[in-house]
Amino acid sequence: MATAGKVIKCRAAVAWEPSKPLVMEEIEVAPPQAHEIRIKIVATGVCHTDLYHLFEGKHKDGFPCVLGHEGAGIVESVGSEVTKFNPGDKVIPLFISQCGQCRFCKSPKTNLCEKGWASDRYDVMSESDTRFTCKGKKVLQFMGTSTFSEYTVVNEIAVAKIHPSAPLDKVCLLGCGVATGYGAALNTAKVEPGSTCAVFGLGAVGLAAVMGCKNAGAKRIIAIDINPTKYEKAKVFGATEFVNPKDHNKPISQVLHEMTNGGVDFSLECVGSVAVMRSALESCVKGWGVSVLVGWTDMDDFAARPIQLIAGRTWKGSLFGGFKSKDGVPKLVNEYLEKKVKLDEFVTHNMTLAQVNDAIQLMQTGDCIRSVLSVALQ
Ligand code: NAD
Ligand code: ZN
């Protein structure tokens, strides 16, 4: 590659400050250092967690940054010591690393890793050690990935090499939303055949959770959203019933108890609201009901009556669907290629990186499931 070892100047959407539109800028991307990989991003999805950082979390130490953490691309060049990646490899950058060495990576109980950006900057949500500059200023890498840029640099512990025939404009969704919801149902909730499930929030994450419940053999999958335009899509992924909390003048948990003779076996919160998290827990049946927090928020404390748990319910959380990232993502790509996992059905809009603010607005108004942006030419 003619660009190897040199600074690359390219286009990126920069978030200069919270709550403002992203600005298309020319940025400089430094060459990869030891154990790092420079990736040409071909396609990226827009996930609600990007919006969370921009509009809700607003952590002042997290700006300026380049958002985007649901992308796929091609290796442009590799730094020293990198032996398992070559220029031209198709890859997905990972916001959860898998170093393979730390106590978390060595435990089958978790997909956390002690080495990535997330180990000490969960709240800030960006990597402090960035390879980006713009107009002489350091620009941070959101969740260590920054896929709203034509090029990015990621540590090899946070990159998955994927099947060479994978279509990047589809498998990018496995970099976050689809892996997250799907795994939350399969790996975290451990949904059982014949069970009754409730999924709160029918964005890409919630719809992927519906798909996970279906693939696990759930008998009833109750899809809940305040936006009824989402129900048609939920049916495609396997939902059997639909509930709009706005249609009822009693708590949604009570509605679900009445529909299910005392509560659902599994519930998944895919909204990011502490009030919905509580409803999801209270919608579970006593004795064995399991409720999983998937939606992302760190803004408020949540609350529940202790008797909910004393009576045998379990409340859990799921990050990236519980998948060990470097191992899990290539397998999910293969499952998509084998038609066991749907991806195409999540994509409602195809746009370019320059239209990223339109894509953000579509998510805010609830008029999309996933917008996929083409970034650099393949
Ligand atoms: P999205 O905005 O596309 O979907 C959210 C859905 O929730 C929308 O359809 C909306 O209408 C619905 N909703 C809003 N309020 C509701 C309510 N009170 N009751 C029922 N439904 C309601 O978002 P997304 O990209 O699918 O992400 C969903 C959540 O998952 C976000 O909080 C996101 O930050 C989080 N997330 C978590 C992880 C993780 O690793 N845990 C990873 C990715 C995303
Ligand atoms: Zn995401």
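Everything numeric here is computed off the predicted structure, so don't read it as measured data.

How each quantity is defined
Residues numbered from 1 in each chain as written. Chains lettered and ligands numbered in written order. Predicted model: local features only at pLDDT ≥ 70, side-chain atom pairs only at ≥ 80, totals over all residues. Heavy atoms only, no water. Pairing = 2+ DSSP bridges. Helix = DSSP H or I, 4+ residues; strand = E, 2+ residues; numbered from the N terminus. Axes fitted to C-alpha atoms, helices over the stretch in contact; angles between N-to-C directions. Contact = heavy atoms within 4.5 Å. Phe/Tyr/Trp six-rings, centres within 6.5 Å; stacked < 30°, edge-to-face > 60°. Buried < 20%, exposed > 50% of the residue type's maximum accessible area, 1.4 Å probe, protein only. Lys NZ or Arg CZ within 6 Å of the ring centre and 35° of its normal. UniProt positions renumbered as here; feature names shortened; annotations may be inferred. 1 Å grid on protein atoms, 1.4 Å probe; cavity = no way out; pocket = protein on both sides within 12 Å on 5 of 7 lines; lining within 4 Å. Points joined across faces, edges and corners; volume = space filled by probe spheres on them. Nonpolar A, V, L, I, M, F, W, Y, C, P; charged D, E, K, R; others polar. Donors = N, O, S within 2.8 Å, 3.2 Å for Na, K, Ca; no water. Near = heavy atom within 4 Å. Polar contact = N/O pair within 3.5 Å; in protein donor to acceptor, adjacent residues only side chain to side chain. Areas by Shrake-Rupley, 256 points an atom, 1.4 Å probe, with all protein chains shown as cover. Sits in = over half its atoms within 2 Å of the grid points. Arc of directions from axis to C-beta.

K.L.:
An account of the sheet that holds strand β13 (residues 241-243) is needed here, citing residue identities and associated values.
P.N.:
Ordered in space as β13-β12-β11-β14-β15-β16, the six strands form an open sheet in which the pairing is parallel. Because the sheet does not close on itself, it has two edges, and the strands there are β13 and β16 (314-317). Averaged over all pairs of adjacent strands, the angle between their axes in this sheet comes to 20°, without regard to strand direction. Both strand β14 (residues 266-269) and strand β15 (residues 290-293) contribute to a ladder of four bridges, which runs parallel. Considered in β15, the bridge of Glu 269 is made with Leu 293. Lying on the sheet, helix α7 (residues 252-260) is in contact with β11 (196-200), β12 (220-224) and β13; it crosses β12 at an angle near 160°.

K.L.:
Now, about the packing of aromatic side chains: what can you tell me, with residues and values included?
P.N.:
Under the defined criterion, the tally for this structure stands at four aromatic pairs. Each ring, one from Phe 95 and one from Phe 320, has its centre 5.3 Å from the other, and the planes form 80°; the classification is edge-to-face. Placement of Phe 95 in the loop between β6 (90-93) and α2 (103-106) and of Phe 320 in the loop between β16 and α10 (325-337) is noted, with a sequence separation of 225 residues between them. Of the two residues, Phe 95 and Phe 320, both sit in the buried class. Of note, Lys 161 hangs over the ring of Phe 85, and the distance from its end group to the ring centre comes to 5.8 Å.

K.L.:
Residue-level account of the UniProt feature "domain: Enoyl reductase (ER)" (unreviewed entry) in the chain, with values.
P.N.:
Mapped onto this structure's residue numbering, the UniProt feature "domain: Enoyl reductase (ER)" (unreviewed entry) falls at residues 9-373. Strand forms 26% of residues 9-373 and helix 26%; the C-alpha atoms that close the span are 20 Å apart.

K.L.:
Which residues make up the layout of surface pockets, and what are the values?
P.N.:
The probe, sized like a water molecule, is rolled over the atoms to show the empty space still left. By volume, the largest pocket amounts to about 940 Å³. Lining of the largest pocket is provided by 43 residues; of these, His 48, Gly 201, Cys 270, Val 271 and Gly 272 occupy positions nearest its centre. Of all the elements in the fold, those that place two or more residues in the lining of the largest pocket are α1 (48-57), α5 (204-215), α8 (274-282) and α11 (356-365). It is α1 that provides the largest number of residues to the lining of the largest pocket, a total of six residues. Residues belonging to the lining of the largest pocket are distributed by class as follows: 26 nonpolar, 13 polar and four charged. Considered as a void within the structure, the second largest pocket measures approximately 430 Å³ in volume. If you trace the second largest pocket, you find 21 residues lining it, with Tyr 52, Gly 295, Trp 296, Thr 297 and Asp 298 closest to the centre. Those elements that place two or more of their residues in the lining of the second largest pocket are α1 and α8. Among the residues forming the lining of the second largest pocket, the class breakdown is eleven nonpolar, seven polar and three charged.

K.L.:
Could you give an account of the coordination of the zinc ion (ligand 2), with specific residues and numbers?
P.N.:
The protein atoms that coordinate the zinc ion (ligand 2) are Cys 47 (SG), His 69 (NE2) and Cys 176 (SG), at distances spanning 2.0 to 2.2 Å. Motif for the zinc ion (ligand 2), donor spacing along one chain: C-x21-H-x106-C. Separated by 107 residues along the polypeptide, His 69 in the loop between β4 (65-66) and β5 (71-78) and Cys 176 in the loop between α3 (168-171) and α4 (177-189) bring together distant segments of the chain. Pair check on accessibility: His 69 and Cys 176 agree, each one buried.

K.L.:
Help me get a handle on the site of ligand 1, residues and values and all.
P.N.:
By nearness alone, 27 residues border ligand 1, and His 48, Thr 49, Asp 225, Val 294 and Phe 320 come closest of all. At a separation of 2.8 Å, an oxygen atom of ligand 1 approaches a polar side-chain atom of Thr 49. Lys 230 is positioned with one of its side-chain polar atoms (N or O) 3.3 Å from an oxygen atom of ligand 1. Contact with the protein chains hides 89% of the accessible area of ligand 1, taken as 870 Å² for the molecule alone. More than half of the atoms belonging to ligand 1 lie within 2 Å of the grid points that define the largest pocket. Only α1 and α5 provide two or more residues apiece to the shell around ligand 1. Of the residues belonging to the shell around ligand 1, the class tally is 15 nonpolar, nine polar and three charged.

K.L.:
Describe α11, naming the residues involved and giving the relevant values.
P.N.:
Taken residue by residue, α11 has Val 356, Ala 359, Ile 360, Leu 362 and Met 363 as its buried positions. In an axial view of α11, the angular spread of the buried residues amounts to 155°, which keeps them on one side of the axis. Looking one or two residues past α11, Gly 366 carries a phi angle of roughly 80°, positive in sign.

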